[in-house]
Amino acid sequence: MIYTLGIDIGSTTTKCVILGDGNKYIADSLVIGGAGTKAPDEAFKLALKEASLEKESLSAVLATGYGRFNFSETSLQMSELSCHARGAYHVYPETRTIIDIGGQDAKVINLSPQGKIANFVMNDKCAAGTGRFLDVMAGVLQLKIDDFEMEADKADKSIRISNTCTVFAESEVISQLAKGENISNIVKGICESVATRVSYLAKRTNIEESICISGGVARNGAVRKALENELGRKIKYSQKSQFLGALGAASYAFEKFESSKEVL
Ligand code: ADP
C-alpha cells in the first residue's frame, strides 16, 4: 500500500491524516499548538505511531495551513483552501459549499460539481466569528471549550452578545456574570453570536446545497445548530470535520507521488 501523510498546521492546532492508496483513512492525530510551536513535529510522530508506521514508509508528505512553509519533513505545500476543498469532496462528494471555522479565521468556499474551487470569502481580520472568540469567552467563563455544547444545551434562553468586537464582548460577558446571569444562557448567546457572524460571511456568496462544515469550531453542536437556523439549511458534519484540511493534503500528496513515482 502507498502511504501518504497530510499535515495541516493551523494558527491554533496541528492535524495529521495518513491515507493508504490515496483513499483509505489509516490514522490521524491532533496536537494543540500551531505554526511556530513543537506541535507539528509531535503531531507527525503521533500519526505515525497511531498507524504503526515508520517515517520511511511514507511515500509523500504534504503540508497545508498557516504554518505550511516551516515544516522540515517536507518541501511539498498546498493552500488550505485547496486542501479543505479536496478533503470535503473526499468525504461528501456532493458538497457545493464548505464553511470552515478555524482558530483565527473563517472561510466559505463554493465548489463546482467536480470539486474545484468556484469562489470563496474569508474573514481573517476580526476574531468574532472564529474559534478565537470562543477561546477568549471560555477563559472568562472558566469553562473548557469542549464543554460549550453541553452548557448551551442546558440553556432556557439565550443572552445575545451585542458587541461584535471580541474585547467589548468580553466586557459584556463579564457584566452579565456580575448581574448573576446563568452561565448556560450566556454560552448559548456566545455560540449564536459566532454563528451570526459566520452566516453574514456565508451570505456574501451564493450558498449552494449541499453544505458541510469543517474546522475545530464545527465540533461545537450549539454553533452548528445556530448556523443551520441562520441559513435555514441543513449542514453536514462529521466527527472528522477538524481533519478535512489534513485529509485533503494527504490526498494531494498521493496525487503528487503518483505523477512523479518518486518518494517525496
Ligand atoms: P486552526 O486550523 O486555525 O488552527 P482549527 O480548525 O483546528 O484551527 O480550530 C481550532 C478552534 O477550534 C479553537 O480555537 C477552538 O475554539 C475550537 N474548538 C476545538 N475543539 C472544540 C470543541 N470541542 N468545541 C468547540 N470548539 C472547539
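One can find the structure itself at the top, above this paragraph.
Note that this is a predicted model, so its numbers are computed, not measured.

Take the sheet that holds strand E7 (residues 117-123) next. Taking strand neighbours across the sheet as the criterion, the 5 strands line up as E7-E6-E5-E8-E9 in an open arrangement whose pairing is mixed. Of all the strands in the sheet, just E7 and strand E9 (235-236) have a single pairing partner and so form its edges. Sheet topology places strand E8 (residues 211-214) next to E9; 2 bridges connect them, and they run parallel. Each residue of the ladder has a partner; that of Ile 211, found in E9, is Ile 235.

Below, the discussion takes up the nonpolar core. Ranked by internal contacts, the top residues of the largest apolar core, which has 39 residues, are Ile 99, Ile 101, Leu 141, Phe 148, Val 173, Ile 190 and Leu 227. Here the element with the most residues in this core is helix H6 (residues 183-202); it accounts for 9 residues. Excluding residues that lie within four positions of it along the chain, Val 173 makes contacts with Met 137, Val 140, Leu 141, Ile 161, Ile 186 and Ile 190. Listed in part, the 19 residues of the second largest apolar core include Ala 47, Ala 51, Leu 53 and Phe 71.

This part covers the packing of aromatic side chains. A full pass over the atoms with the stated rule returns 1 aromatic pair. On the basis of an interplanar angle of 70° and a centroid distance of 5.6 Å, the ring pair of Phe 44 and Phe 71 is categorised as edge-to-face. Of this pair, Phe 44 sits in helix H1 (residues 39-50) while Phe 71 sits in the loop between strand E4 (58-64) and helix H2 (80-91), placing them 27 residues apart in sequence. As far as the burial class goes, Phe 44 and Phe 71 line up, both buried. Looking at Lys 240, its charged tip hangs above the ring of Phe 243, at a distance of 5.5 Å from the centre.

What follows deals with the packing of H6 against helix H7 (residues 221-231). How two helices pack is summed up by the angle between their axes together with the distance between the axes. Packing of H6 against H7 leaves a shortest axis separation of 8 Å and a crossing angle of 45°. For the element pair H6 / H7, the angle class is oblique. As H6 runs across H7, the sense of the crossing is right-handed. Of H7, the residues touching H6 (which contributes Cys 191, Glu 192, Val 194, Ala 195, Thr 196, Val 198, Ser 199 and Ala 202) are Ala 222, Val 223, Ala 226, Leu 227, Glu 230 and Leu 231.

To continue, consider the site of the ligand. Taken together, 17 residues form the shell around the ligand, and within it Thr 12, Thr 13, Lys 15, Asp 135 and Gly 216 come nearest. Within the side chain of Thr 13, a nitrogen or oxygen atom sits 2.5 Å from an oxygen atom of the ligand. At 2.8 Å, a backbone N or O of Gly 216 approaches an oxygen atom of the ligand. The fraction of the free accessible surface of the ligand (580 Å²) that becomes covered by protein chains is 91%. Judged by its atoms lying within 2 Å of the grid points, the ligand is housed in the largest pocket. Its residues assigned to classes, the shell around the ligand comprises 2 nonpolar, 11 polar and 4 charged.

About the thresholds
Residues numbered from 1 in each chain as written. Predicted model: local features only at pLDDT ≥ 70, side-chain atom pairs only at ≥ 80, totals over all residues. Heavy atoms only, no water. Pairing = 2+ DSSP bridges. Helix = DSSP H or I, 4+ residues; strand = E, 2+ residues; numbered from the N terminus. Core = buried A, V, L, I, M, F, W, Y, C linked by side-chain atoms within 4.5 Å. Buried < 20%, exposed > 50% of the residue type's maximum accessible area, 1.4 Å probe, protein only. Contact = heavy atoms within 4.5 Å. Phe/Tyr/Trp six-rings, centres within 6.5 Å; stacked < 30°, edge-to-face > 60°. Lys NZ or Arg CZ within 6 Å of the ring centre and 35° of its normal. Axes fitted to C-alpha atoms, helices over the stretch in contact; angles between N-to-C directions. Parallel < 35°, antiparallel > 145°, perpendicular 65-115°, else oblique. Left-handed = near helix turned anticlockwise from the far one by under 90°. Near = heavy atom within 4 Å. Polar contact = N/O pair within 3.5 Å; in protein donor to acceptor, adjacent residues only side chain to side chain. Areas by Shrake-Rupley, 256 points an atom, 1.4 Å probe, with all protein chains shown as cover. 1 Å grid on protein atoms, 1.4 Å probe; cavity = no way out; pocket = protein on both sides within 12 Å on 5 of 7 lines; lining within 4 Å. Sits in = over half its atoms within 2 Å of the grid points. Nonpolar A, V, L, I, M, F, W, Y, C, P; charged D, E, K, R; others polar.

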